[in-house]
Amino acid sequence: MEGVNGKASGHLFENINSFVRQCIFTVLNVGPVPSHIAFVMDGIRIYSKKQNLLDGDGHRAGFSVLIINMLRYCYELGVKYITVYAFSIDNFKRRPEEVVSLMKLMQDKIDELTKEESIVNSLGIRIYFKGNLKLLSDPVRLAAERAMVKTAGNSRAVLSICAAYTSTDEIVHAVQESCEEKWDEIRKRDSINAGGNFIGPKENGKDKDEHLIGVTNVDPDIIRRTSGATRLTNFLLWQSAHCLLYSPTALWPEIGSRHLVWIVLDFQRNYLYLKEKKKQA
């Protein structure tokens, strides 16, 4: 009987907490809400030591915070794009057994995300992986590819998971790919010109000196790194020129809705300034 009462009390508390959160989010939605929030999930290993957890349990707790809490909170608030720094290329330098354990955990959790009853599918969230995926173990890479295919039809929000990622690696590959594409266009144009079909300095109303490499506007509004650290650790360096950096001292598994509320309030306080800066960029 005591167990039943305890479970009922837990459900009641959860319902009250959800109602209060919805009320707060409704008030926040009166003002501007960030469309893109990026998270650096820092402090998981410190949390594990602090709680005397076994290897991997801290990362499982961190995953639960991301999936059960942050995804739902961002969705309820109306945030369209969520990006998380899950695994850096530099993390491959850790102990081999730790890397193997993390790869296995990542594979299991990616597969969980694609289940029919998962929060990702129930909320209509599309999953996209960013990074040098060929560096991942084959099972993890295949799981990531399956997740992108299985959620491709979801359109209410987008979760980007940065795995085997650093910003410098992303920039190098983006420049290489853009240059290769533009060189292909130049070679095709030269081939046509050599055949006597001269193309003048403008084609379809576009000047031939138009920028060879363009920058897609995918800037986050806020980057939140937990554990109080203020370094970006090679994360979204290209995209973060005009975003807010928020660094609560809480470790990632300790993050809750109150932290999200505070960063949204800070965003709203700085909204006009940020809007003007982006306009000038």
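Residues numbered from 1 in each chain as written. Predicted model: local features only at pLDDT ≥ 70, side-chain atom pairs only at ≥ 80, totals over all residues. Heavy atoms only, no water.

- Going by the annotation in an unreviewed UniProt entry, the name recorded for the protein is Alkyl transferase, with Anisodus tanguticus given as the source organism.
- The record in UniProt for the protein states the following under Sequence similarities (unreviewed entry): "Belongs to the UPP synthase family." (UniProt positions renumbered as here; feature names shortened; annotations may be inferred.)

1. A closer look at the overall build of the protein
Line of reasoning, step 1. A tally of helices and strands in the protein yields nine helices and eight strands.
Line of reasoning, step 2. Scored against the burial criterion, the 281 residues of the protein give a buried share of 38%.
Line of reasoning, step 3. Look at the contacts in the protein between residues 6 or more apart in sequence, and 77% of them connect residues 24 or more apart.
Line of reasoning, step 4. Put simply, the protein shows about 16,500 Å² of open surface, and 54% of that area lies on carbon and sulfur atoms. (Helix = DSSP H or I, 4+ residues; strand = E, 2+ residues; numbered from the N terminus. Buried < 20%, exposed > 50% of the residue type's maximum accessible area, 1.4 Å probe, protein only. Contact = heavy atoms within 4.5 Å. Areas by Shrake-Rupley, 256 points an atom, 1.4 Å probe, with all protein chains shown as cover.)

2. A short note on the packing of helix α3 (residues 57-77) against helix α8 (residues 257-269)
Line of reasoning, step 1. Running from N to C, α3 and α8 cross one another at 40°; their axes reach a closest spacing of 10 Å. The orientation of α3 with respect to α8, classified from their angle, is oblique. Along this stretch, α3 crosses α8, giving a crossing that reads as right-handed. Contact with α3, carried on its side by Tyr73, Cys74 and Leu77, involves Ser257, Leu260 and Val264 of α8 and no other residues of that element.
Line of reasoning, step 2. Each residue belonging to the contact of α3 with α8 can be placed in one class, and the counts come to five nonpolar, one polar and no charged. (Axes fitted to C-alpha atoms, helices over the stretch in contact; angles between N-to-C directions. Parallel < 35°, antiparallel > 145°, perpendicular 65-115°, else oblique. Left-handed = near helix turned anticlockwise from the far one by under 90°. Nonpolar A, V, L, I, M, F, W, Y, C, P; charged D, E, K, R; others polar.)

3. Brief notes about unusual backbone geometry
Line of reasoning, step 1. Residues other than glycine seldom take positive phi values, yet Ala164 does so here, at roughly 50°.
Line of reasoning, step 2. Its place among the elements puts Ala164 in strand β4 (residues 157-165).
Line of reasoning, step 3. Assessed through its relative accessible area of 0%, Ala164 is described here as buried.

4. What to know about the packing of α3 against helix α4 (residues 96-113)
To characterise two packed helices, one gives the angle between the axes of the helices and the distance between these axes.
Line of reasoning, step 1. Where α3 contacts α4, the axes come no closer than 11 Å and their chain directions differ by 25°. When the axes of α3 and α4 are compared, the pair comes out roughly parallel. The hand of the α3/α4 crossing is right-handed. Where α3 abuts α4, its residues His59, Arg60, Phe63 and Ile67 lie against Leu102, Leu105, Lys109, Glu112 and Leu113.
Line of reasoning, step 2. Residue composition of the contact of α3 with α4, grouped by class: five nonpolar, one polar and three charged.

5. Re the pattern of salt bridges
Line of reasoning, step 1. Taken as a whole, this structure holds twelve salt bridges when the rule is applied.
Line of reasoning, step 2. A salt bridge links Glu98 to Arg95; the nearest nitrogen and oxygen atoms lie 3.8 Å apart.
Line of reasoning, step 3. Owing to a relative accessible area of 12%, Glu98 belongs among the buried residues under this scheme.
Line of reasoning, step 4. In this structure Arg95 comes out as partly exposed when scored by relative accessible area, which is 44%. (Salt bridge = Lys/Arg side-chain N within 4 Å of Asp/Glu carboxyl O.)

6. Some points on the pairing of strand β7 (residues 222-225)
In the case of a regular strand, side chains alternate between the two sheet surfaces.
Line of reasoning, step 1. On β7, burial covers both faces: Ile222 and Arg224 on one face and Ile223 and Arg225 on the other are all buried.
Line of reasoning, step 2. Relative to β7, strand β1 (residues 36-40) is paired through four bridges, and the arrangement is parallel. From the neighbouring strand, Val40 faces β7, where its bridge partner is Arg225.
Line of reasoning, step 3. The pairing of β7 with strand β8 (residues 244-246) spans three bridges and is classified as parallel. The residue bridging Ile223 from the neighbouring strand is Leu245, located in β8. (Pairing = 2+ DSSP bridges.)

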